[in-house]
Amino acid sequence: MPIWLAPIGAAYPDLMQKIAIYGIFAIGFNILFGMTGYLSFGHAAFLGVGSYAAVWSFKLLTMSVIPAVLFAVVVAGLFAAVIGFVSLRRSGIYFSILTLAFAQMSYNLAYSVLTPITNGETGLQLALGDPRILDRAFTDAGSGIPPPNLLGEELSGLSGFFFCAALLILCFYLAMRIDRSPFGMMLKAIKSNQTRMAYTGFNTRPYTLAAFIISGMYAGLAGGLLAATDPLAGAERMQWTASGEVVLMTILGGVGTLVGPVVGAGVIKYFENIFSAFHEAKLHEAFSFLPDGLENFFVTITAPFVGEGWHLTLGVVFMLIVIFLPGGLMEGVRKIRNAFTRKPASREETGRLAPAE
């Protein structure tokens with residue numbers, strides 16, 4: 001990524017970390033939505049829970065990211081088991097609304113009743129007075145707040161990205177194994193026709209619940225990595241907009257594909273970080289080679305689509321994808337590949353394929 005993202009101006013650690021982290025989030029969501037056919041509108045709840053769990057691990061135990069990430073995955077998995085047990089009693093739009101309701105309940109609780117755990121609007125942050133029991137038992141506490149580390153190596157810049165990228169590769173491999181396993185075949189069968197599965201004697205409930213928990217654990221891992229790269233957890237990560245974002249990532253890249261959600265996450269994070277940074281002065285600089293009249297014209301028509309209006313650009317791209325490539329960006333990749341690899345039929349094959357007179 002540091003090599004092939006450089007030509008498009010995206011090869012800086014913070015953006016690459018976000019692409020890797022949200023790629024993990026989207027891969028997990030695709031296990032539930034793409035493989036099993038259950039559309040969750042509240043998946044960001046597990047992202048937020050994972051962030052809170054990781055920060056509490058930093059505060060209570062150690063600044064090492066390994067316990068923080070494991071704690072985030074376990075807590076998010078338990079939370080997903082509770083929500084999934086209730087939500088999966090319904091399917092279709094009713095399931096989607098239930099997950100949205102649970103996510104908004106979690107978001108509001110984080111701002112009110114659970115303030116002692118979440119620190120409310122301020123967000124959960126590290127402090128000098130944190131116990132950090134393991135760190136203080138084996139090392140000198142120091143004068144300031146230590147940064148997150150991996151085996152003593154500070155996670156910042158490219159080292160933080162490589163850690164996130166390694167976990168992305170591992171998560172992708174696990175998703176690939178799930179997709180090709182008998183369990184994955186069951187999930188695809190449930191997506192195809194759950195009623196027929198039930199009529200043949202299969203109890204689909206354990207499979208859907210397992211998919212929901214696995215998906216929640218992926219989201220918890222992503223939340224833990226967000227806290228590891230920036231030790232702060234806030235309720236805004238649990239908001240419905242964050243849940244909608246992962247839905248867009250999956251649909252944009254290609255629902256049900258393995259690589260598509262990662263591609264979709266990369267595209268959306270690129271638009272968010274690159275297009276949002278453009279302002280009028282940069283546009284004038286970009287179109288400075290044109291005559292003054294044309295320069296002002298192009299700046300005027302492009303200004304609403306960059307900067308604070310980058311969502312307009314994303315909306316246009318999403319509309320074009322849905323209209324012309326319903327299978328997402330991966331469908332476009334397949335069409336391009338087929339166009340270059342398709343071999344012309346021979347005369348004998350053409351004769352065999354022709355209908356009889």
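For the structure, see preceding data.
Residues numbered from 1 in each chain as written. Predicted model: local features only at pLDDT ≥ 70, side-chain atom pairs only at ≥ 80, totals over all residues. Heavy atoms only, no water.

Counting its secondary structure elements, the protein chain contains 16 helices and four strands. C-alpha atoms of the protein chain, sized along the principal axes, occupy 85 × 70 × 35 Å. Across the 357 residues of the protein chain, 44% fall into the buried class. Partitioning the intrachain contacts of the protein chain with sequence separation of at least 6 by distance along the chain shows that 74% fall at a separation of at least 24. When the accessible surface of the protein chain is summed, it comes to about 18500 Å², and 68% of that surface belongs to carbon and sulfur atoms. In the protein chain, which carries 22 positive and 21 negative side-chain charges, the distance between the mean positions of the two groups comes to 16 Å. (Helix = DSSP H or I, 4+ residues; strand = E, 2+ residues; numbered from the N terminus. Buried < 20%, exposed > 50% of the residue type's maximum accessible area, 1.4 Å probe, protein only. Contact = heavy atoms within 4.5 Å. Areas by Shrake-Rupley, 256 points an atom, 1.4 Å probe, with all protein chains shown as cover. Lys, Arg positive; Asp, Glu negative; His and termini not counted. Charge placed at Lys NZ, Arg CZ, Asp CG, Glu CD.)

To continue, consider the side chain of serine 215. When you line up the elements, serine 215 lands in helix H9 (residues 205–229). Beyond its immediate chain neighbours, meaning those up to four positions away, serine 215 contacts Gly28, Phe29, Leu32 and His43.

What follows is about the nonpolar core. Among the nonpolar cores identified, the biggest contains 76 residues, and Ile24, Phe212, Leu221 and Leu225 are the most heavily contacted of them. Here this core takes 12 residues from helix H1 (residues 13–35), the largest share from any one element. Setting aside residues up to four positions removed in sequence, leucine 225 forms contacts with Ile21, Ile24, Val69, Phe163, Cys164 and Leu167. Among the nonpolar cores identified, the runner-up in size contains nine residues, and Ala10, Phe161, Ala165 and Ile274 belong to it. (Core = buried A, V, L, I, M, F, W, Y, C linked by side-chain atoms within 4.5 Å.)

This part takes up the packing of aromatic side chains. Per the counting criterion, the structure on display carries 11 aromatic pairs. Taking the centre distance of 6.3 Å and the plane angle of 55° together, the rings of tyrosine 22 and phenylalanine 25 count as tilted. Taken together, the residues tyrosine 22 and phenylalanine 25, both in helix H1 and three residues apart, mark about one turn of the helix. With relative accessibility at 12%, the residue tyrosine 22 sits in the buried group. Under the relative-accessibility criterion, phenylalanine 25 is labelled buried at 1%. Geometrically, the ring pair formed by phenylalanine 297 and phenylalanine 298 is edge-to-face, given 5.5 Å between the ring centres and 75° between the ring planes. Its relative accessible area of 29% is what places phenylalanine 298 among the partly exposed residues. Chaining the aromatic ring pairs together yields one cluster made of Tyr38, Phe46, Phe79, Phe95 and Phe212. (Phe/Tyr/Trp six-rings, centres within 6.5 Å; stacked < 30°, edge-to-face > 60°.)

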